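# Architecture at a glance
Chain residues, written in single-letter form:
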Amino acid sequence: MPVTTQAPPVTSAGGLRIGQLELDNPIFIAPMAGITDRPFRDLARALGAGLTCTEMTAAAAVVRAPAEMVDRVIDLGAGEHPVAVQLVGCDPQMMADAAQICVERGADIVDVNLGCPVPKVVRLGSGAALAREIGATVRVLEAMVSAVPVPVTAKMRLGWDHISINAPQLCSALEGVGVAAVTIHGRTRAQRYTGFADWDQIARVKEAVRGIPVLGSGDVRDPQQVEGRIRQGVVDGVVIARGMMGDWHLLAQTVHQLKFGDPGPDPTFEERVQLARVHWNSVVAHHGEQRGVRLARKYVVWAIKGCSGAARLRARVADLNTQSDLDELYSEIVAAGEGPQGWQRPSFSSGEG
Ligand SMILES: Cc1cc2nc3c(=O)[nH]c(=O)nc-3n(C[C@H](O)[C@H](O)[C@H](O)COP(=O)(O)O)c2cc1C
């Protein structure tokens, strides 16, 4: 086994070092298309996320956008740090050019999506399709590493399917060209979002790399389990994805668990719904009332899950059009209170990662 020459990824204060960047803690928010926009990232950072990440953005859209439109495409806030911008694409020059633009606009890390399973992306040879070809992936990442002064990272699945698992070899090759950290979603492309993430396979990646941080993704819903996996050295950190849906406290509790060895008190029903409202109101403030309320509908549905009379409340969501509609439904949700079964974490079956 080669001896690592890098500083250890875990800092003395319990943070995580990615390249030259020191992050407060190794609990990150996963990139999620249609979800991790600026309001989502701002709240996640306020709740203690060590790093947030944009939704995946096509490198071509970044490079081809007129200068005055680039900020709309990437949408980083002034002073939004630390933040990673995730790019998807397969052309080395285009990816390098897009990475440079992201850094000019404030990205602290540029991440590459090597896991997206959706046909419109894999047909172009990007996302999970690019990860099948280790040589081609290395060329893309190498070009990006040479182009920007910030860490370049990659997020991938275990492999295309269960007979072509290549994440350990791929990550080792990427480390060799200067990729600063990797995130492994413990499912294959064939699995999409079904079944369970395989954390034994994620551990194989940690064994295969020499020293870069390895972050795990997949079914992260339990703060104690996260602490165990980090302490046992299965991974250096985790990214939370669907676990965040309707459960903002999962993030704060996982950060608390890692810092103090316990998740802190469970939130009450009212606290959960209040935090959901902080989020959906900031979505409206950021995107404007018309678009914002439309976008907020799915977040309201997440919050309703577990309410008493959830079906009746859910039926009202399609009619939400204004901020005052949202305020009214919020009051009804609070008045309805928690259902007899208690809070149910929503489960989702689709995504773009
Ligand atoms: C709605 C949705 C959108 C996603 N979008 C992205 C994305 O843009 N980039 C990415 O790398 N992964 C994306 N993913 C994958 C997640 O980042 C994560 O790896 C995956 O959901 C597994 O974690 P989970 O089982 O905890 O949800 C997405 C997932 C979902 C559910």
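These numbers come from a predicted model, not from an experiment. (Residues numbered from 1 in each chain as written. Predicted model: local features only at pLDDT ≥ 70, side-chain atom pairs only at ≥ 80, totals over all residues. Heavy atoms only, no water.)

### Structural notes on the domain arrangement of the chain
- Under the domain assignment, the chain is made up of domain 1 (16-260) and domain 2 (269-336).
- Relative placement of domain 1 and domain 2: their C-alpha centres are 29 Å apart.
- Tallying the contact residues gives 14 residues for domain 1 and 13 residues for domain 2.
- Interface area, domain 1 with domain 2, both sides summed: about 1,200 Å², of which 66% is carbon and sulfur.
- The tally of links between domain 1 and domain 2 comes to one salt bridge.
- Among the salt bridges present, the one from Asp-247 reaches Arg-272, with a minimum N-O distance of 2.8 Å.
- Linking domain 1 with domain 2 are five residue pairs in polar contact (both at pLDDT 80 or more), by the criterion used here.
- No other element matches helix α1 (residues 38-46), which puts four residues into the side of domain 1 that touches domain 2.
- Residues belonging to the side of domain 1 that touches domain 2 are distributed by class as follows: seven nonpolar, three polar and four charged. (Domains from an automatic or database assignment. Contact = heavy atoms within 4.5 Å. Buried area = accessible area lost by both parts, 1.4 Å probe. Salt bridge = Lys/Arg side-chain N within 4 Å of Asp/Glu carboxyl O. Polar contact = N/O pair within 3.5 Å; in protein donor to acceptor, adjacent residues only side chain to side chain. Helix = DSSP H or I, 4+ residues; strand = E, 2+ residues; numbered from the N terminus. Nonpolar A, V, L, I, M, F, W, Y, C, P; charged D, E, K, R; others polar.)

### Structural notes on the pattern of salt bridges
- Under the counting rule described, the total for this entry stands at 15 salt bridges.
- Close ionic contact of Arg-41 with Glu-80 constitutes a salt bridge, the shortest N to O distance being 2.5 Å. Of the two residues, Arg-41 sits in helix α1 while Glu-80 sits in the loop between α3 (67-74) and β6 (83-88), which places them 39 residues apart along the sequence. You'll find Arg-41 and Glu-80 in the same group, each marked buried.
- Two residues, Glu-227 and Arg-231, come together in a salt bridge whose shortest N-O distance is 3.1 Å. On the criterion of helical spacing, the pair formed by Glu-227 and Arg-231 is a turn pair, its members being four residues apart in helix α10 (residues 223-231).
- Here the salt bridges do not stand alone but share partners, grouping Arg-41, Asp-42, Arg-45 and Glu-80 into one network. (Buried < 20%, exposed > 50% of the residue type's maximum accessible area, 1.4 Å probe, protein only.)

### So, empty space enclosed by the protein
- Summed over the entire model, instances satisfying the criterion amount to four cavities of 30 Å³ or more.
- In this structure, the largest cavity encloses a volume near 140 Å³.
- The wall of the largest cavity is formed by 15 residues, among which Phe-28, Leu-51, Asp-111, Thr-153 and Thr-183 lie closest to the centre.
- If you list the elements that add at least two residues to the lining of the largest cavity, you get β3 (27-29), β7 (109-114), β8 (152-157) and β9 (181-185).
- Each residue belonging to the lining of the largest cavity can be placed in one class, and the counts come to 11 nonpolar, two polar and two charged.
- Volume-wise, the second largest cavity comes out at about 50 Å³.
- Taken together, Leu-114, Gly-115, Ala-128, Ala-131, Arg-132, Arg-157, Gly-159, Trp-160 and Asn-166 make up the lining of the second largest cavity.
- Of the residues in the lining of the second largest cavity, the class split is four nonpolar, three polar and two charged. (1 Å grid on protein atoms, 1.4 Å probe; cavity = no way out; pocket = protein on both sides within 12 Å on 5 of 7 lines; lining within 4 Å. Points joined across faces, edges and corners; volume = space filled by probe spheres on them.)

### With respect to the side chain of Thr-137
- Positionally, Thr-137 belongs in helix α7 (residues 134-147).
- By relative accessible area, which is 0% here, Thr-137 ends up buried.
- Separated by 2.7 Å, the side chain of Thr-137 and the backbone oxygen of Leu-130 make a polar contact.
- Here the side chain of Thr-137 touches Glu-133 through a polar contact of 2.7 Å, landing on its backbone oxygen.

### Observations regarding the packing of aromatic side chains
- Taken as a whole, this structure holds three aromatic pairs when the rule is applied.
- With centroids separated by 6.3 Å and ring planes inclined at 75°, the aromatic side chains of Trp-280 and Tyr-330 adopt a geometry described as edge-to-face. One end of the pair, Trp-280, is in helix α12 (residues 269-287); the other, Tyr-330, is in helix α15 (residues 323-336), and 50 residues separate them in sequence.
- We classify Trp-280 as buried; its relative accessible area is 1%.
- When the ring of Tyr-299 is compared with that of Trp-302, the centres are 5.0 Å apart and the planes differ by 80°; the resulting orientation is edge-to-face. Here the residue Tyr-299 and the residue Trp-302 both occupy positions in helix α13 (residues 289-304), the gap between them amounting to three residues, near one helical turn.
- The ring of Tyr-193 has Arg-157 sitting right over it, with the charged end atom 5.1 Å from the ring centre. (Phe/Tyr/Trp six-rings, centres within 6.5 Å; stacked < 30°, edge-to-face > 60°. Lys NZ or Arg CZ within 6 Å of the ring centre and 35° of its normal.)

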